[in-house]
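Working through the structure, step by step
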Amino acid sequence: MTLIKGATVDGTTLKIRLNNDSILTFEDCWLRDHCRCPECYHSSTNQRAHHILDIPEVIIQSVNTNDSNVEVKWNDGHKSTYNVNFLERYGYENWKQPKWPPVWWCGDAVATKIARISAKEFVNNIEGEKKVFQSLLDYGIAVIDQVEPTMEATEVICQALGGVQHTMFGGMWKVSTNPDHADTAYTNIILKQHNDNTYFTEPAGLQIFHCTEHTNGTGGENVFTDGFYAAMKLKEEHPEDFEFLTKFEIEAQYIGDGHFQKHSAPVIQLDAFNNIKHIRFNSYDRSPMTFKNSQECRAYYRALRNLARYFEDPKNQWQIKLRPGILLAFDNFRVLHGRTAFTGKRILCGSYVSRSDWLDKARTLGLL
């Protein structure tokens, strides 16, 4: 148990010593902004009561402590009390990388690591939900089986994964061969590895696939690759290409069905700690582009080709034949997907779930 041993003020800084002899350090402006009294904070909504311009610029007048709380008296007469469990989460000393390290994978070994549970175990079952969402956080993939092969039953699972995201493709959708649809997915030819919606400002967070029918034909295996693993291999073996793809914005577009979507962003996006947080790769959706010089043009093609080789290397891929009853969800910010060519009648139904919504669900389950 963490206990408070004492606190001292050094100018504008409050230093709190804990029973393990560690020190928590806070500026006075941060402390006043995070006062949790009813005048400053609405506990019922978890929102501050004051605009930042209304927070007074005050100084600490005195400090008192007990085992679990620090009481600060300000020079304007206001008093603030802070619990040690709250303060422990936000001291400078606790500034560190997010507690969500992805588990990189390559090849079909991932099939034995990801969550695979029945629909009954998942829907309205907290322990089942935790298994699925932890698998999505760790590996970017989860499988739910024993799903009735209907659009309605599939939608129940999609809702439980965070809610159906409505885009220009609708909410729930079906994918089958359709020559009138302006998308390569609506054919029966091979689809190379890609992320969806690279032409959106924010692509879909999750994708859900459920093959409800495949008759009078063969093929159509779904293929998946860990984009984070592939990008790190690129960094190891072609660091100049990795650097290029983290900075150069590649434009993607969708034209058809009365829509013209377009967006530019790096293929590999990093967080504040230089960890990979997002892959946006879709060779099919690339827009025609101009370059500032020949060197940049050649770097663009070299870097994309080198990255794509990792995506298309069979030893980095996992193939699974989705059959009626087997539903697969995957993180579209991380996992690339494709499909082998097929014959016969094949219907894939599913939906998107926004990243905000599925991470919201993961947080409510206490996983983030």
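Residues numbered from 1 in each chain as written. Predicted model: local features only at pLDDT ≥ 70, side-chain atom pairs only at ≥ 80, totals over all residues. Heavy atoms only, no water.

**Let's talk about the packing of aromatic side chains**
All chains considered together, the criterion is met by 19 aromatic pairs. Arranged with centres 5.5 Å apart and planes meeting at 65°, the rings of Trp-173 and Tyr-352 form a pair that is edge-to-face. Note that Trp-173 is positioned in strand β11 (residues 173–175) and Tyr-352 in strand β22 (residues 345–353), a separation of 179 residues in sequence. Here the two residues Trp-173 and Tyr-352 agree in accessibility, since each one is buried. Ring pairing ties together the aromatic residues Trp-173, Phe-209, Phe-224, Trp-318, Phe-330 and Tyr-352, which thus form one cluster. We note Arg-36 situated over the ring of Tyr-41; from NZ or CZ to the ring centre the distance is 3.9 Å. Here Arg-346 stacks its cationic end above the ring of Phe-342, 5.3 Å away from the centre of that ring. (Phe/Tyr/Trp six-rings, centres within 6.5 Å; stacked < 30°, edge-to-face > 60°. Helix = DSSP H or I, 4+ residues; strand = E, 2+ residues; numbered from the N terminus. Buried < 20%, exposed > 50% of the residue type's maximum accessible area, 1.4 Å probe, protein only. Lys NZ or Arg CZ within 6 Å of the ring centre and 35° of its normal.)

**So, helix α4 (residues 126–138)**
Taking 1.5 Å as the rise per residue, α4 with 13 residues should run 18 Å; its terminal C-alpha atoms sit 18 Å apart, in good agreement. Burial in α4 covers these residues: Gly-128, Glu-129, Val-132, Phe-133, Ser-135, Leu-136, Leu-137 and Asp-138. The backbone nitrogen of Glu-127 has a side-chain oxygen 3.1 Å away, supplied by the residue at the start of α4, namely Asn-125. Immediately downstream of α4, the backbone of Gly-140 shows phi near 80°, a positive value. (Expected span 1.5 Å × (residues − 1). Polar contact = N/O pair within 3.5 Å; in protein donor to acceptor, adjacent residues only side chain to side chain.)

**A word on the UniProt feature "domain: Gamma-butyrobetaine hydroxylase-like N-terminal" (unreviewed entry) in the protein**
Residues annotated in UniProt with the feature "domain: Gamma-butyrobetaine hydroxylase-like N-terminal" (unreviewed entry) correspond here to residues 10–87. The annotated region residues 10–87 carries 13% helix and 42% strand content, and the separation between its end C-alpha atoms amounts to 18 Å. (UniProt positions renumbered as here; feature names shortened; annotations may be inferred.)

**Points about the sheet that holds strand β2 (residues 13–18)**
Judged by pairing direction, the sheet is antiparallel, and its three strands sit side by side in the order β1-β2-β3 without closing on themselves. Strands at the two margins of the open sheet, each flanked by one partner only, are β1 (4–10) and β3 (23–27). The average undirected angle you get between the axes of adjacent strands in this sheet is 20°. Across five bridges, β2 lies against β3 in antiparallel orientation. Looking at the pairing, Lys-15 lines up with Thr-25 of β3. (Pairing = 2+ DSSP bridges. Axes fitted to C-alpha atoms, helices over the stretch in contact; angles between N-to-C directions.)

**Quick look at the pairing of strand β20 (residues 327–331)**
Counting buried positions along β20 yields five of five residues, so the element is predominantly enclosed. Burial along β20 is two-sided: the residues Leu-327, Ala-329 and Asp-331 and Leu-328 and Phe-330 are all buried. When strand β10 (residues 141–145) meets β20, the two strands line up antiparallel, connected through four bridges. The residue of β20 that forms the bridge with Ala-142 is Ala-329. Sheet topology note: the strand β13 (residues 206–215)/β20 ladder contains five bridges and is antiparallel. Opposite His-210, over in β20, you have Leu-327 as the bridge partner.

**Remarks on the side chain of Asn-222**
Its location among the elements puts Asn-222 in strand β14 (residues 222–226). Among the residues examined, Asn-222 registers a relative accessible area of 3% and is labelled buried. Polar side-chain contacts of Asn-222 include one of 3.2 Å to the side chain of Arg-346. Dropping the residues within four chain positions of it, Asn-222 is found in contact with Phe-209, Trp-318, Gln-319, Ile-320, Leu-322, Gly-338 and Arg-346. (Contact = heavy atoms within 4.5 Å.)

**With respect to unusual backbone geometry**
Unlike most non-glycine residues, Asn-46 shows phi in positive territory, near 55°. Assignment of secondary structure puts Asn-46 in the loop between β4 (41–42) and β5 (47–48). For Asn-46, a relative accessible area of 58% gives the class exposed. For Asn-197, which is not glycine, the phi torsion reads 65° and is therefore positive. Within the secondary structure, Asn-197 is located in the loop between β12 (191–194) and β13.

**Some words on helix α5 (residues 151–160)**
Where α5 is concerned, the buried positions are Ala-153, Thr-154, Ile-157, Cys-158 and Ala-160. Burial along α5 is one-sided: seen end-on, the buried residues are contained in an arc of 165°. Of the residues trailing α5, Gly-162 is marked for its positive phi of about 135°. (Arc of directions from axis to C-beta.)

**Description of the nonpolar core**
Where a protein is soluble and globular, its nonpolar side chains tend to be buried together. Residues Phe-122, Phe-133, Leu-136 and Leu-161 are the most contacted members of the largest nonpolar core, which totals 27 residues. For this core, the elements supplying multiple residues, two or more each, are α3 (119–122), α4, β10, α5, β13, β20 and α9 (355–364). Those residues in contact with Leu-136 that sit more than four places away from it in its chain are Ile-141, Ala-142, Leu-161, Leu-206, Ala-329, Phe-330 and Trp-358. Counting residues in hydrophobic clusters, the runner-up holds 26 residues, among them Ile-114, Phe-169, Phe-200 and Leu-328. (Core = buried A, V, L, I, M, F, W, Y, C linked by side-chain atoms within 4.5 Å.)

**Overview of the state of the cysteines**
By definition, a disulfide is the covalent link that joins the sulfur atoms of two cysteine residues. Scanning the model with the defined rule gives zero disulfides in all. Cysteine Cys-37 shares no disulfide, and the gap to the nearest cysteine sulfur, in Cys-35, comes to 3.6 Å. Since its relative accessible area comes to 18%, Cys-37 is described here as buried. Free of any disulfide, Cys-349 has its nearest neighbouring cysteine sulfur in Cys-158, separated by 7.4 Å. Cys-349 gets classed as buried once you look at its relative accessible area, which sits at 1%. (Disulfide = S-S within 2.5 Å.)

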